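# Geometric and topological summary
Listed below, chain by chain, are the residues.
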Amino acid sequence: MTASPGKPQIRRFDDLEALSQAAADDLAAIAVAAVAARGVCHVALSGGSTPRRLFQLLIQRGPGALPWARLVLWWGDERAVPPEHPESNYGMAREALIDPARAFGLPTAQVHRMAGELADRDAAARAYESALVAALGAPPRLDYAMQGMGPDGHTASLFPDTPALAETARWVVANHVTSPVAHGIADRITLTAPALSAARHVRFLVAGADKAAALAHVLTGPRDPVHYPSQLIAPADGDLIWMVDRAAAASLGGLV
Ligand code: 6PG
């Protein structure tokens, strides 16, 4: 599934299952091409609940689903909780993807967790940025940036009206959010919009009726990234595909 670089493409699916199946196919194609070209595939996972089904499908598909031994995992964001906390983005991925994938050859050393639990989150963000830049250069050019979108139009931990939205010099920052959809976890670490936009392939996976209004604003409304931060993600030299289910696309109509 390829898209014209720079112009957001929208793929509609009946439901989360169909969306997740297509996302697994798409990620596999990107990963195989990345490994063929550079010997490795760097993926930033999104948090939240939407990716869980994709992770489960990748494991069900087994050793052939991805070039597991050549995969390097990062995160787009993390909440200020320890890995075992039920709201940890890493914790969900560890249970649904990382631990099972060890049997397929995913090396522990290639899984880079954000230490959201550290009291000095700025130091944790700077350490993560150092690791990212050491692996990928500056800007850190991921092969695949997996993005979710909240019902308020946020992505990663780039929430409306928060300081991280204006960050253009750093690739990873701490952010303090007060959004009612932040699961009650105000302190975060997040990749910045320039870091996410540097990716070769950006994929928004958006499912559920609660996303419909925000998705319509982000894709068809006026440019308003302070209130709809997902609008900030615009790859200059990469492609962006919105993979959305019918419920999330309900307010798009024939507009896009
Ligand atoms: C986070 C996530 C966030 C998520 C969206 C969608 O840490 O909160 O990274 O950006 O992707 O909120 O979450 P759902 O998939 O649960 O709807």
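As a starting point, this report considers the structure included with it. If you're wondering where the values come from, they're calculated on a predicted model, not measured in any experiment.

Tallied over the full model, the rule gives 16 salt bridges. The closest approach of N and O atoms between Arg200 and Asp143, which form a salt bridge, is 3.1 Å. Placement of Arg200 in the loop between α5 (193-197) and β8 (201-206) and of Asp143 in the loop between α4 (121-136) and β5 (144-147) is noted, with a sequence separation of 57 residues between them. Several salt bridges converge on common partners, so that one network encompasses Asp26, Arg203 and Asp239.

Overall, antiparallel pairing links the 3 strands, which are arranged β4-β7-β6 in an open sheet. Two strands close off the open sheet at either side, each with one partner strand: β4 (77-79) and β6 (172-176). Each strand of the sheet is rotated relative to its neighbour by a mean of 20°, with strand direction disregarded. Sheet topology places β6 next to strand β7 (residues 187-191); 5 bridges connect them, and they run antiparallel. Looking across to β7, one finds that His176 is bridged to Asp187. Those strands touched by α4 are β6 and β7, and its axis lies near 155° from that of β6.

Time to look at the packing of helix α1 (residues 16-38) against helix α2 (residues 51-61). Axis separation between α1 and α2 bottoms out at 9 Å; the angle between their running directions is 60°. Taken as axis vectors, α1 and α2 run oblique relative to one another. Considering the relative orientation of α1 and α2, their crossing is right-handed. Seen from α1, the contacting residues are Leu16, Glu17, Ser20, Gln21, Ala23, Ala24, Asp25 and Leu27; seen from α2, they are Arg53, Leu54, Leu57, Leu58 and Arg61. Among the residues forming the contact of α1 with α2, the class breakdown is 7 nonpolar, 2 polar and 4 charged.

For the rest of this paragraph, the subject is the site of the ligand. In the vicinity of the ligand, 15 residues are found, and the nearest of them are Ser49, Thr50, Asp77, Ala156 and Lys211. Measuring from an oxygen atom of the ligand, one finds a side-chain N or O atom of Thr50 at 2.6 Å. Here an oxygen atom of the ligand and a side-chain polar atom of Lys211 are 2.7 Å apart. Look at the ligand: alone it shows 420 Å² of surface, and the protein chains cover 93% of it. Placement of the ligand is best described as lying within the largest pocket. For the shell around the ligand, the class distribution of residues is 2 nonpolar, 9 polar and 4 charged.

Let us now look at the nonpolar core. Nonpolar side chains tend to gather and get buried jointly when the protein is soluble and globular. Judged by nonpolar contacts, the single largest core of 80 residues is most densely connected at Leu73, Trp75 and Trp242. Of all the elements, α1 adds the most residues to this core, at 10 residues.

With that out of the way, let us pick up empty space enclosed by the protein. Here the structure, examined in full by the defined rule, presents 1 cavity of 30 Å³ or more. Lining of the largest cavity is provided by Leu27, Val43, Leu45, Leu54, Phe55, Leu58, Leu66, Leu71, Leu73, Leu97 and Met146. Sorting the residues of the lining of the largest cavity by element identifies β2 (41-45), α2 and β3 (71-75) as the ones contributing at least two each. Looking at which element gives the most residues to the lining of the largest cavity, the answer is α2, with 3 residues. In the lining of the largest cavity, the residues fall into 11 nonpolar, no polar and no charged.

Interhelical geometry of α2 versus helix α3 (residues 89-101) gives an angle of 10° and a closest axis separation of 9 Å. Taken as axis vectors, α2 and α3 run roughly parallel relative to one another. Packed against α2, whose contacting residues are Pro51, Arg52, Phe55, Gln56, Leu58 and Ile59, the element α3 presents Met92, Ala93, Glu95, Ala96, Leu97, Pro100 and Ala101 at the interface. The residue inventory of the contact of α2 with α3, partitioned by class, reads 10 nonpolar, 1 polar and 2 charged.

A few words now on the pairing of β3. Within β3, 5 of the 5 residues are buried, leaving the element largely enclosed by the surrounding structure. Burial of the side chains of β3 extends over both faces: Leu71, Leu73 and Trp75 are buried on one face and Val72 and Trp74 on the other. Where β2 meets β3, 5 bridges bridge the pair, whose relative direction is parallel. Considered in β3, the bridge of Cys41 is made with Leu71. With α2 bridging β2 and the parallel β3, this β-α-β connection has right-handed handedness.

What counts and what doesn't
Residues numbered from 1 in each chain as written. Predicted model: local features only at pLDDT ≥ 70, side-chain atom pairs only at ≥ 80, totals over all residues. Heavy atoms only, no water. Salt bridge = Lys/Arg side-chain N within 4 Å of Asp/Glu carboxyl O. Helix = DSSP H or I, 4+ residues; strand = E, 2+ residues; numbered from the N terminus. Pairing = 2+ DSSP bridges. Axes fitted to C-alpha atoms, helices over the stretch in contact; angles between N-to-C directions. Contact = heavy atoms within 4.5 Å. Parallel < 35°, antiparallel > 145°, perpendicular 65-115°, else oblique. Left-handed = near helix turned anticlockwise from the far one by under 90°. Nonpolar A, V, L, I, M, F, W, Y, C, P; charged D, E, K, R; others polar. Near = heavy atom within 4 Å. Polar contact = N/O pair within 3.5 Å; in protein donor to acceptor, adjacent residues only side chain to side chain. Areas by Shrake-Rupley, 256 points an atom, 1.4 Å probe, with all protein chains shown as cover. 1 Å grid on protein atoms, 1.4 Å probe; cavity = no way out; pocket = protein on both sides within 12 Å on 5 of 7 lines; lining within 4 Å. Sits in = over half its atoms within 2 Å of the grid points. Core = buried A, V, L, I, M, F, W, Y, C linked by side-chain atoms within 4.5 Å. Buried < 20%, exposed > 50% of the residue type's maximum accessible area, 1.4 Å probe, protein only. Points joined across faces, edges and corners; volume = space filled by probe spheres on them. Right-handed = clockwise from strand over helix to strand, strands pointing away.

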